[in-house]
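These are the residues of each chain, in order.
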Amino acid sequence: MENLAWGLQMTVLGMGLVFALLALLWGLLRLVLWLDRPAAETVPAETAPPEPAAAAAATAGTGDAGMDAELVAAILVATMTHRAVRRREAAPVMRSYWPGSLLYASRWVGAGRSRQHRAWLGRGR
Amino acid sequence: MEAKTNDHLQTLREMRSRAVLGGGRKRIEQQHARGKFTARERLALLLDEGTFQEFGALATHQVNEFGLDRQRYPGDGIVTGFGKVSGRRVAVFAQDFTVLGGSFSEVQAQKISRIQDLAIESGIPIIGLNDSGGARIQEGVRSLAAYGEVFVRNVMASGVIPQISLILGPCAGGAVYSPALTDFVVMAGDSTMFLTGPDVIKAVTGEQVTAQTLGGADVHTGRSGVAHLAAPTELAGLALVKRLLSYLPQNNNEDPPQIRPEDPPGRMDDALNALIPNDENQPYDMRDAITAIFDADGFLEIQPAFAANAVVGFVRLDGYPIGVVANQPAFMSGALNIDASDKIARFIRTCDAYNLPIVTFVDCPGFLPGVDQEYAGVIRHGAKIIYAYCEATVPKISIVTRKAMGGAYVAMSSKQMRTDLAFAWPTAQIAVMGAEPAVRLLYRDEVAGASDPAARTRELVAEYREKFFNPYRAADVGQIDEVIEPRETRPRLVRALEVLRTKVQQNPPKKHGLSPT
């Protein structure tokens, strides 16, 4: 009986200690999160909503990556031009299959071209 | 032991460094001052990065006369090797003007011949970058014999592997024949080509002419037809070669590279239905039809300035490269003359050699009449077109857009000349000759006996036109397979070529034909 009481006492003490530490940890995390929160933007009470044009300009002015709109446009044009050049030159990324490959050519075509290019042999040779 | 190996490596590295410098830093600076790249810089611009593998970098000449023993440069004025262009294996050689003016020597010939042999055996295209003052006079007859070595390989490679010559500087004397024997000649910048230079011409005939007006890019792309394309700068010339290569296969057994199509195969351009003017004598630009029908941004016109009454070039249809031949009604009404015949015949044979289907657009009132043309042999030149079409075994499709008169109708891929499919637009006029001359011949007596000959002539002309100036009579007798709306042309061609892609046709065995010359 005495052992049982001692056991219960130790269980309550151990679990209490664990939960107490967990609670402390939770509290610490909350504190860190609170300290690390983004600074609240101060909005003037009497500020009028922006004009649609101004809002559009603001949106176009900087992208997600913080790039200037002109820079984004320049990159876009350069990318499109490069792609067009690669396409005109039939670069590997633009090809359906390897240049000149007979991998997908039918046996009909393969055999036919062989016949077309066969050297002429005279009678009896 | 290790020290000795290091010595050997050091020697090799020093020799390679010398080879890379060509004729030396001073010569390289002079080349740059003229606004030109060196041979190695050109190859670096042409080939994919890190793909060039050089051969014969350390070869030098063995001539001691005329002070040449003091002028030995590794490589002897030419850089040869293998590389890749847009991922495709190619053989290349580039003459180095910084070494003895790029003069053509026996060693140069050996190096070029070697790379030509390897290219033929490997079945890969060969690209030559020419920039040479001509034969190396100090070597005497050796350098002349060297030309023959290269020429014979040019001919053996002809129609087997694509050969492209890019002229980037002077190309004179016997040296011009090697590019002339290749499939395509592209001239860039202030390059020149001539057999005899201005000084010799002045001495022999007294004519005074500059190098540019004698053999510049304008002359050879516009008047002589020696060059197929021109570019304002070396950089543009190298880009043009890359683009040209994109339409050609690796060799005559293979197909040209197909790219992923972005233009819908079923696209119909309504503007085509309004392309042909109501007035039949009013010109229109056939290139508008070509660009509207084929894949966007895919038209590369060959010899655009030479014989502008004919249009030839490469296009893509559903991503597949195709050769297109057309009359140009906007120039000389599209009539065929000697130059146009040569241009068309040569292009057809090129397409046939490299397995490119041929689509022909016909709007031709006939062969150009004239004493000059007859005296200069328009018959044999015109016969070249017929020979080329009849000989070609690739898929051939013709589309008559407007006039198809007499011999020109027959010559321009008519159904009976082994054309696979013949289409016509409703505006087509397929007849033996024009209405007025036909009436003069057919109704001479009737017109002469009429009370008002002029009025009777007008009536008969109108009658003749109604009867013959349409595609339906030709369709009746099977000379035209189908009369189609102009806007339908693209999907029709896509479907037709889808079927004809596996076409195989064999000509009778022969050593070679005797094409009219």
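Residues numbered from 1 in each chain as written. Chains lettered and ligands numbered in written order. Predicted model: local features only at pLDDT ≥ 70, side-chain atom pairs only at ≥ 80, totals over all residues.

Examined at the domain level, chain B breaks down into domain 1 (2–245), domain 2 (270–428 + 470–500) and domain 3 (434–468). Inter-centroid distance (C-alpha atoms) of domain 2 of chain B to domain 3 of chain B is 30 Å. (Domains from an automatic or database assignment.)

In a beta sheet, neighbouring strands are held together by backbone hydrogen bonds and run either parallel or antiparallel to one another. Residue and element names in this part refer to chain B. If you walk across this open sheet you meet the seven strands as β1-β2-β3-β4-β5-β7-β9, and the pairing is mixed. Looking at the sheet topology across the chains shown, the edges are occupied by β1 (53–55) and β9 (229–231). Here the strands of the sheet are splayed against their neighbours by 20° on average, with no regard to which way each runs. Packed on one face of the sheet, helix α3 (residues 39–46) meets β2 (78–85), β3 (88–95) and β4 (126–130) and runs near 160° to β3. (Pairing = 2+ DSSP bridges. Helix = DSSP H or I, 4+ residues; strand = E, 2+ residues; numbered from the N terminus. Axes fitted to C-alpha atoms, helices over the stretch in contact; angles between N-to-C directions. Contact = placed C-beta atoms within 7 Å.)

Before going further, it helps to examine the pairing of β3(B). Residue and element names in this part refer to chain B. With seven of eight residues buried, β3 is to be regarded as a mostly interior element. Across eight bridges, β2 lies against β3 in antiparallel orientation. Bridged to V85 within β3 is R88. Between β2 and β3, which pair antiparallel one after the other, the connecting turn spans two residues, and S86 there sits at a positive phi close to 50°. One ladder, built from four bridges, connects β3 with β4; its direction is parallel. The residue bridging A94 from the neighbouring strand is L129, located in β4. Since β3 and β4 lie parallel, the crossover through helix α4 (residues 106–122) that links them has a hand, and here it is right-handed. (Buried ≥ 20, exposed ≤ 12 C-beta atoms within 10 Å, placed from the backbone. Right-handed = clockwise from strand over helix to strand, strands pointing away.)

All names here are of chain B. Of all hydrophobic cores here, the largest spans 116 residues; its most connected members are L166, V186, V241 and I348. Both domain 1 (2–245) and domain 2 (270–428 + 470–500) contribute no fewer than three residues apiece to this core. Ignoring sequence-local partners within four residues, the contact set of V241 consists of L46, I127, I164, L166 and V186. (Core = buried A, V, L, I, M, F, W, Y, C linked by C-beta atoms within 7 Å.)

Our next topic: the packing of α4(B) against helix α5 (residues 141–157) of chain B. All names here are of chain B. Running from amino to carboxyl end, α4 crosses α5 at an angle of 10°, the nearest separation of the two axes being 8 Å. By the criterion of interaxial angle, the relationship of α4 to α5 is roughly parallel. In this structure, the crossing between α4 and α5 has a hand that is left-handed. Taken together, the residues of α5 that come into contact with α4 (itself represented by E106, Q108, A109, I112, S113, Q116, D117, A119 and I120) are R142, S143, A146, E149, V150, R153, M156 and A157. (Parallel < 35°, antiparallel > 145°, perpendicular 65-115°, else oblique. Left-handed = near helix turned anticlockwise from the far one by under 90°.)

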